[in-house]
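In case you want the letters, here they are:
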Amino acid sequence: MRRILMLATGGTIASKDCGHGLSPTLTSEELLRHVPGIGSFCTVDTLQLMNLDSTNIGPTHWLEISAAIEAQYDKYDGFVITHGTDTMAYTSAALSYLIQNSPKPIVITGAQKSIAMDETDARRNLYSSFLYAADSDSHDVSLVFDGKVILGTRARKERTKSYNAFSSVDYPEIGMIRDGKLIRYLGVKQYIYGAQPQFYHQLEPDILLLTLIPGMGAQALRQLKEHYRAVICQSFGVGGLPGGGESEFSHAVGEWLDSGKTFVIMTQVPYEGSDMSVYQVGQQVKERYQVIEAYNMTMEAVVTKLMWVLGQTSEPEEIQRMFYQPVQCDLIR
């Protein structure tokens, strides 16, 4: 049987009501005891990395998770990470950039209700994650939830309470798990025997996400320039800036770029991505300024990829090259 390492980080799946709301308290061993059937198809070791509400998980924790997998990589056939759902899509995207081209599966999962409850999605999600991780054709980083297998850079949480919380954005699901069986939708990536993943060890957290609203001026952009290395601007529709290329807002973007900072434009619309060539308000900006366009990447992928890119380089041309280099099909123009 294949050997899987479970890394526990907390989240709703491991929570109990402590009198002031749910808080993660269950250990990795306690989680496993609720799903004894996993032992019929794989052997499991556990590692309790942290026990946090996922609201409190960020770049330092992503690096800690990646480092733990790197340290144990040669000892196991796959990895399952239990995690809170609120920032799970960020973590799955971040790990996709920190651990690239992994011949072994790295699966992240969680639940909308605690595994200690009678009615919960936790037991099913945990069982499905181990089933996927134990399959010899599984590779790279993925998120398994409500029977769906989603590429790590394509997952997004779209519902706050429903079991069907996550969707694969602008990309097919890898597969599904129904009645204890894995059904694949996509072909299997082939790795040479003995291939090793590329681990990265740096992230740049000083990134600002700025969402445009109608009538918004450039004051906030100018005032925040000294505090961040990059800004991700969530624009309207297929992308553009108020007033186009000669507006006060676009001039503020130029100032941001002249100071050596990075400016990324993406859309606020969840599906189908940006195309700044369509309208004048986007085309003028793209022609006059060296902005980066995110196309149909998820917000979680844009944020974590930019953190990863800026963790490796500060050269503008190299930043653009790395950002536009697809990782796990995160960027489709």
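Structure first, text after, so check above.
Our subject in this report is the structure included herewith. (Residues numbered from 1 in each chain as written. Predicted model: local features only at pLDDT ≥ 70, side-chain atom pairs only at ≥ 80, totals over all residues. Heavy atoms only, no water.)

Some details on the sheet that holds strand β15 (residues 207-211)
Line of reasoning, step 1. With parallel pairing, 4 strands are arranged side by side in an open sheet as β15-β16-β17-β18. With partners counted over all chains shown, the strands left at the sheet margins are β15 and β18 (292-293), one partner each.
Line of reasoning, step 2. Bridge count for β15 against strand β16 (residues 230-235) is 5 bridges, and the pairing is parallel. The residue of β16 that forms the bridge with L209 is I232. (Pairing = 2+ DSSP bridges. Helix = DSSP H or I, 4+ residues; strand = E, 2+ residues; numbered from the N terminus.)

Observations regarding unusual backbone geometry
Line of reasoning, step 1. Positive phi values are uncommon outside glycine, yet D146 reaches one of about 55°.
Line of reasoning, step 2. Within the element layout of this structure, D146 appears in the loop between β8 (140-145) and β9 (148-151).
Line of reasoning, step 3. Here D146 falls in the buried class, since its relative accessible area comes to 15%.
Line of reasoning, step 4. Of note, E272 is a non-glycine position whose phi angle comes to about 80°, a positive value.
Line of reasoning, step 5. Looking at the secondary structure, you find E272 in the loop between β17 (262-267) and α7 (280-288). (Buried < 20%, exposed > 50% of the residue type's maximum accessible area, 1.4 Å probe, protein only.)

A closer look at the pattern of salt bridges
Line of reasoning, step 1. Under the counting rule described, the total for this entry stands at 14 salt bridges.
Line of reasoning, step 2. For R222, the salt bridge identified is with E255, shortest N-O distance 3.0 Å. A residue pair is termed long-range when its members are at least 10 positions apart, and R222 in helix α5 (residues 219-223) and E255 in helix α6 (residues 248-258) qualify at 33 residues.
Line of reasoning, step 3. Accessibility expressed as a relative area gives 31% for R222, which makes it partly exposed.
Line of reasoning, step 4. Given a relative accessible area of 34%, E255 falls into the partly exposed group.
Line of reasoning, step 5. Of the charged contacts, one joins E318 and R321 as a salt bridge, the two residues approaching to 2.8 Å between their closest N and O atoms. Taken together, the residues span about one helical turn, with E318 and R321 both in helix α9 (residues 316-324) at a distance of 3 residues. (Salt bridge = Lys/Arg side-chain N within 4 Å of Asp/Glu carboxyl O.)

Comments concerning helix α8 (residues 299-312)
Line of reasoning, step 1. With 14 residues, α8 ought to run about 20 Å at 1.5 Å a step, and its terminal C-alpha atoms sit 20 Å apart, in line with that.
Line of reasoning, step 2. Summarising burial for α8: 12 of the 14 residues are buried, a large majority. (Expected span 1.5 Å × (residues − 1).)

Remarks on the packing of aromatic side chains
Line of reasoning, step 1. Counting across every chain of the model gives 9 aromatic pairs.
Line of reasoning, step 2. Look at F323 and Y324: their rings are 6.0 Å apart centre to centre, the planes differ by 80°, and that puts the pair in the edge-to-face class. The same class applies to F323 as to Y324, namely buried.
Line of reasoning, step 3. What links up through ring pairs into an aromatic cluster is the set Y73, Y76, F79 and F199.
Line of reasoning, step 4. Positioned above the aromatic ring of W256 is the side chain of K261, whose terminal nitrogen or guanidinium carbon lies 5.6 Å from the ring centre. (Phe/Tyr/Trp six-rings, centres within 6.5 Å; stacked < 30°, edge-to-face > 60°. Lys NZ or Arg CZ within 6 Å of the ring centre and 35° of its normal.)

Quick word on the sheet that holds strand β13 (residues 181-184)
Line of reasoning, step 1. Read across the sheet, 8 strands follow the order β4-β1-β5-β7-β8-β9-β12-β13 without closing on themselves; strand pairing throughout is mixed. Two strands bound the open sheet, and with one partner strand each, they are β4 (42-52) and β13. Along the sheet, successive strands turn relative to each other by an average axial angle of 25°, direction set aside.
Line of reasoning, step 2. Direction of pairing for β8 relative to β9: antiparallel, over a ladder of 4 bridges. Bridge pairing links F145 to K148 in β9.
Line of reasoning, step 3. Here helix α3 (residues 88-98) sits on the sheet and contacts β5 (78-82), β7 (105-109) and β8; the angle it forms with β8, its principal contact strand, is near 160°. (Axes fitted to C-alpha atoms, helices over the stretch in contact; angles between N-to-C directions. Contact = heavy atoms within 4.5 Å.)

A short note on the layout of surface pockets
Line of reasoning, step 1. One number sums up the size of the largest pocket: a volume of about 400 Å³.
Line of reasoning, step 2. Listed by contribution, the elements that provide at least two residues to the lining of the largest pocket are β6 (99-100) and β8.
Line of reasoning, step 3. Take the lining of the largest pocket: its biggest share by element is 3 residues, from β8.
Line of reasoning, step 4. A breakdown of the residues in the lining of the largest pocket according to their chemical character gives 10 nonpolar, 8 polar and 4 charged.
Line of reasoning, step 5. Of the pockets and cavities examined, the second largest pocket occupies roughly 340 Å³.
Line of reasoning, step 6. Lining the second largest pocket are 18 residues, and of these P103, K104, I192, Y193 and G194 lie nearest its centre.
Line of reasoning, step 7. Classifying every residue of the lining of the second largest pocket by side-chain character gives 7 nonpolar, 6 polar and 5 charged. (1 Å grid on protein atoms, 1.4 Å probe; cavity = no way out; pocket = protein on both sides within 12 Å on 5 of 7 lines; lining within 4 Å. Points joined across faces, edges and corners; volume = space filled by probe spheres on them. Nonpolar A, V, L, I, M, F, W, Y, C, P; charged D, E, K, R; others polar.)

Focus: the side chain of K148
Line of reasoning, step 1. Within the element layout of this structure, K148 appears in strand β9.
Line of reasoning, step 2. For K148, which is buried and forms no salt bridge, the nearest opposite charge comes from E173, at a distance of 4.2 Å.
Line of reasoning, step 3. One polar contact links K148 to N164, side chain to side chain, over a distance of 2.7 Å.
Line of reasoning, step 4. At 2.9 Å, the side chain of K148 forms a polar contact with the backbone oxygen of F166. (Lys, Arg positive; Asp, Glu negative; His and termini not counted. Polar contact = N/O pair within 3.5 Å; in protein donor to acceptor, adjacent residues only side chain to side chain.)

Examining the pairing of strand β12 (residues 175-178)
Line of reasoning, step 1. With 2 bridges connecting them, β9 and β12 associate as antiparallel partners. The residue of β12 that forms the bridge with K148 is M176.
Line of reasoning, step 2. Summarising the sheet, β12 and β13 pair through 4 bridges and their orientation is antiparallel. Looking at β13, one finds that M176 is bridged to I183.
Line of reasoning, step 3. Remark: 2 residues form the turn of the hairpin made by β12 and β13, two consecutive strands paired antiparallel; D179 in that turn has positive phi of roughly 50°.

All we've got here are geometric facts, nothing functional implied.
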